[in-house]
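Coordinate analysis (summary)
The lines below spell out each chain.
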Amino acid sequence: LSTEDKLSLLGCDSYASRAELLISFMLEDEDFHRVQNEVEGRAQKEMNRQQREYYLNQQMRVIQDELGGSTNDRDIDDLLKRAEKKEWEESVRATFDKELDKLRHMHPQSPDYTVQLNYLDLMLDLPWNHLTKDNLNIEHARNVLDADHYGIEKVKERIIEYLAVLSLRSDMKSPILCLVGPPGTGKTSLGKSVAAALNRQYVRVALGGLHDEAEIRGHRRTYIGAMPGRIIQSLKRAGSSNPVFILDEIDKVQTNSIQGDPTSALLEVLDPEQNVAFHDNYLDIDYDLSKVLFIATANTLSTIQPA
């Protein structure tokens, strides 16, 4: 008992009141010890469970090593080998190392393990600073366009002017070309000819009927079945950071639907001042789209957002 409790016992005026006070102190002490024992019991149980899990995990690791290495170790070794060949900035490298460290501490049977592995795979599959060498010979470009398309001289002349300006400026901060005309006049195939003339990779995204902003910007990784947007997926497919990128049927993108406004998301993709740091929700790192040559196609200008 504390000194105050002892003094209160001595201050009692009868044996009965002193006995009652002492019993109340004893009951309090008993309650305290019971709670203490419960907490210690739970802590011991938790410790035993953790020790058991650790012991079983160690056993599993030894068995997997005997069978040819654990899945986790094999995946991490493979990712590290692929990462050595990448030419990326320090900030991207730091993000990759941080995410890889998370993967190291995950159990291969955990559902989050696959999500994390897919994310790191995407980071390694993206071309980042890998560029194909341009062929900016205007005469060659003219020959390719003439060989692929008969007539449409005005359009071909505009494309040749465009390529000539690019060859002089060499910084790719140029306006986006938009080819407008009725269906079947060769808008999409002109884009393919430009890619062949410049010796670049060719990717095409059909925007007809697009109504979900996540199709452009991707989903956040917290969602089940999250995926990167079409822009990032197409760059992964192209394998270079400077493909000729066809945005087909840009006039048929739905505006202001329940799932956001895809046309506003496209503005970040196409504006040369913004697309140096395009942010995809799934990738969650800024990606430079300024080296991409965007060509849009449309049947009419009336339904395209003015911006």
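Basis of the calculations
- Residues numbered from 1 in each chain as written.
- Predicted model: local features only at pLDDT ≥ 70, side-chain atom pairs only at ≥ 80, totals over all residues.
- Heavy atoms only, no water.
- Helix = DSSP H or I, 4+ residues; strand = E, 2+ residues; numbered from the N terminus.
- Rg over C-alpha atoms; globule rule 2.2 N^0.38 Å.
- Areas by Shrake-Rupley, 256 points an atom, 1.4 Å probe, with all protein chains shown as cover.
- Lys, Arg positive; Asp, Glu negative; His and termini not counted.
- Charge placed at Lys NZ, Arg CZ, Asp CG, Glu CD.
- Expected span 1.5 Å × (residues − 1).
- Buried < 20%, exposed > 50% of the residue type's maximum accessible area, 1.4 Å probe, protein only.
- Contact = heavy atoms within 4.5 Å.
- Pairing = 2+ DSSP bridges.
- Axes fitted to C-alpha atoms, helices over the stretch in contact; angles between N-to-C directions.

1. Comments concerning the overall build of the protein
Counting secondary structure elements, the protein contains eleven helices and six strands. In terms of overall size, the protein is more extended than a compact globule, its C-alpha atoms giving a radius of gyration of 33 Å where 307 residues would be expected to give roughly 19 Å. Dimensions along the principal axes, computed over C-alpha positions, put the protein at roughly 120 × 55 × 30 Å. Element-wise, carbon and sulfur atoms account for 53% of the exposed surface of the protein, whose accessible area totals about 18,600 Å². Counting 36 positive and 50 negative side-chain charges, the protein places the centres of these two groups 6 Å from one another.

2. As for helix α8 (residues 187–198)
Compared with the 16 Å implied by 1.5 Å per residue over twelve residues, the 17 Å span of α8 between its first and last C-alpha is a close match. Buried within α8 we find Lys 187, Leu 190, Gly 191, Ser 193, Val 194, Ala 195, Ala 197 and Leu 198. Buried positions along α8 lie against α6 (138–148), α7 (153–169), β1 (177–180), β2 (202–206), β3 (244–248) and β6 (293–298).

3. What about the sheet that holds β2?
Read across the open sheet, the four strands follow the order β1-β6-β3-β2; overall the sheet is parallel. The open sheet has two edge strands, β1 and β2, and neither has a second partner. For this sheet, the mean angle separating the axes of adjacent strands, direction not counted, is 20°. Bridge analysis of β3 against β6 gives four bridges, and the strand direction is parallel. Residue pairing for β6: Val 244 is matched across the bridge by Leu 293.

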